[in-house]
Protein chains: 2
Amino acid sequence: MNAVPQRLGVLGGMGPLAGAAFALRMVQLTPADSDQQHIPVLLCNDPAIPDRSSACMGTGPSPLPAMLRGIDTLVAGGADCIAIPCNTAHLWFDELQAASPTRLLHIVDSVVADLRRQGVTEGKVGILGTPATIAMGLYQRYLRAAGYEPIEPSAEEVQRLCVPAIAAVKANRIDAAFAPAAEGVRLLAQRGAKAVVLGCTELPLAVPPGRRAELGIVLTDSIDALAREAIALMRPGTA
Amino acid sequence: MNAVPQRLGVLGGMGPLAGAAFALRMVQLTPADSDQQHIPVLLCNDPAIPDRSSACMGTGPSPLPAMLRGIDTLVAGGADCIAIPCNTAHLWFDELQAASPTRLLHIVDSVVADLRRQGVTEGKVGILGTPATIAMGLYQRYLRAAGYEPIEPSAEEVQRLCVPAIAAVKANRIDAAFAPAAEGVRLLAQRGAKAVVLGCTELPLAVPPGRRAELGIVLTDSIDALAREAIALMRPGTA
């Protein structure tokens with residue numbers, strides 16, 4: 001587990017835009033002067049994995065068998081470290097890690113590291129994400145263990161603000177995703193959050209970098225946070 | 001060969017930004033309302049493949065063995081159709097296709113289809129690309145066979161305009177890439193080109209969509225052209 005990994009496997013497809021955007025950010029965030037200095041990435045961007053939120057809420061089939069097949073494909077293709085650019089999928093993290101011979105990065109660890117990188121080390125941190133991510137407390141327990149006070153929207157607010165923003169990204173209607181996602185950020189800021197976690201990999205696409213300053217609060221982009229962690233691990237000392 | 005392929009393999013890494021951008025454009029150009037309607041993609045974005053131009057010009061090792069290993073990884077991972085978002089790599093197309101049990105899409109076919117989609121069916125078409133792509137005539141013979149009159153920059157102009165634009169993209173300095181690439185486009189337009197092929201997958205990144213209108217000429221983006229061909233093949237009737 002201590003050797004520097006040589007090929008990053010990416011279990012994508014959840015959604016496919018987030019998977020491809022993660023692969024792009026891996027390249028853009030890596031310091032490099034030529035092709036050969038970049039990190040080898042194998043991306044399995046298979047969107048046929050059943051919906052994670054539906055499964056978690058008991059209204060759809062489990063995504064676990066399809067996710068395990070994806071892990072198998074990545075390991076067979078030489079991946080010696082795996083990232084999963086989907087927050088909700090991390091509700092199955094323990095089962096995935098148990099079945100995988102290679103190390104899996106945990107997106108919530110990456111987000112906590114990113115909060116610290118941005119100077120937020122304590123206090124209220126807001127969480128936006130899918131209904132399952134919020135209801136199952138994926139972020140809440142990790143943030144509490146790291147010394148933060150997590151706050152989240154109500155179930156009604158998640159349905160009204162997060163769900164349509166995420167659905168718009170998945171349907172390639174990025175422009176329609178900003179307003180509800182931004183309202184979610186403002187609502188948590190009004191309740192005292194010092195930072196807000198864009199805790200679903202569609203949300204950083206809904207609130208693109210160029211429009212973040214207008215929200216006036218620290219935002220953690222879970223796609224970039226996961227990419228930064230992979231780069232720090234695989235190119236130690238460069239970032 | 002006639003069945004609709006189910007999983008697109010992408011031999012990327014040449015360069016890695018182009019590989020990731022291709023995966024992103026596959027998602028953005030596919031008509032879909034949910035994750036599950038998107039096309040399954042397996043992207044091998046391994047940038048360790050030796051430089052194609054150097055090999056072709058006799059100043060570096062052959063990329064063929066590394067490309068063949070990439071094809072093997074994709075086929076083992078279930079790919080039943082393969083796209084290679086690197087124009088120069090197509091100088092080895094026949095060897096790659098001979099060694100592959102699955103169909104390879106040819107980027108030059110995709111570009112010719114894209115010229116026709118944009119209404120350019122004859123006349124002078126300019127080509128920008130790497131020194132190897134231009135010197136080896138990758139586009140010239142295909143364009144002639146399709147009824148166009150290909151024109152290209154001189155070897156000195158390729159070195160002065162294409163090479164620095166491509167190198168800037170590979171070093172994540174996108175902003176520095178526009179000016180030389182744009183000068184290459186203008187130079188071919190002045191010589192009578194009705195359209196210019198951005199015939200290296202770094203060049204569409206050097207001349208991003210938002211800055212194409214100012215050049216006042218039809219441009220063919222070889223990344224988008226290849227993605228459109230894959231989507232037309234794998235989602236017949238939707239595009």
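Keep in mind that what you see is a predicted model, and the values were worked out from it rather than measured. (Residues numbered from 1 in each chain as written. Chains lettered and ligands numbered in written order. Predicted model: local features only at pLDDT ≥ 70, side-chain atom pairs only at ≥ 80, totals over all residues. Heavy atoms only, no water.)

Q: So what's going on with the nonpolar core? Which residues, and what values?
A: One finds Leu8 of chain A together with Leu8 of chain B to be the most contacted residues of the largest nonpolar core, which totals 134 residues. Counting residues in hydrophobic clusters, the runner-up holds 40 residues, among them Ala79 of chain A together with Ala66, Trp92 and Phe93 of chain B. (Core = buried A, V, L, I, M, F, W, Y, C linked by side-chain atoms within 4.5 Å. Buried < 20%, exposed > 50% of the residue type's maximum accessible area, 1.4 Å probe, protein only.)

Q: How would you sum up the pattern of salt bridges? Please name residues and give values.
A: Overall, the coordinates contain 26 salt bridges over all chains when judged by the stated rule. We note a salt bridge from Asp35 of chain B to Lys170 of chain A, for which the minimum N-O separation is 2.9 Å. With one member in each of two chains, Asp35 of chain B in the loop between helix 1 (16-28) and strand 2 (41-45) and Lys170 of chain A in helix 8 (residues 155-170) form a pair that bridges those chains. Take Asp35 of chain B and Lys170 of chain A: they sit in the same class, and that class is buried. Arg212 of chain B is the salt-bridge partner of Asp221 of chain B, the closest N and O atoms lying 3.0 Å from each other. (Salt bridge = Lys/Arg side-chain N within 4 Å of Asp/Glu carboxyl O. Helix = DSSP H or I, 4+ residues; strand = E, 2+ residues; numbered from the N terminus.)

Q: Please provide a residue-by-residue account of the packing of aromatic side chains, values included.
A: Under the defined criterion, the tally for this structure stands at 0 aromatic pairs over all chains. Over the ring of Phe178 of chain A we find Arg211 of chain A; its NZ or CZ atom is 3.6 Å from the centre of that ring. (Phe/Tyr/Trp six-rings, centres within 6.5 Å; stacked < 30°, edge-to-face > 60°. Lys NZ or Arg CZ within 6 Å of the ring centre and 35° of its normal.)

Q: Give me the domain arrangement of chain A: which residues, what numbers.
A: All names here are of chain A. Considered domain by domain, chain A is made up of domain 1 (8-106 + 225-234) and domain 2 (108-222). A C-alpha centroid distance of 20 Å is found between domain 1 and domain 2. Opposite the 20 residues of domain 1 that make contact, domain 2 presents 28 residues. Counting the surface domain 1 buries against domain 2, the share from its top three residues, Asn87, His106 and Ala225, is 37%. Where domain 1 packs against domain 2, one counts 15 residue pairs in polar contact (both at pLDDT 80 or more). Those elements that provide at least two residues to the side of domain 1 that touches domain 2 are helix 1 (16-28), helix 2 (52-56) and helix 11 (222-234). Of the residues contributing to the side of domain 1 that touches domain 2, the split by class is 11 nonpolar, 6 polar and 3 charged. (Domains from an automatic or database assignment. Contact = heavy atoms within 4.5 Å. Buried area = accessible area lost by both parts, 1.4 Å probe. Polar contact = N/O pair within 3.5 Å; in protein donor to acceptor, adjacent residues only side chain to side chain. Nonpolar A, V, L, I, M, F, W, Y, C, P; charged D, E, K, R; others polar.)

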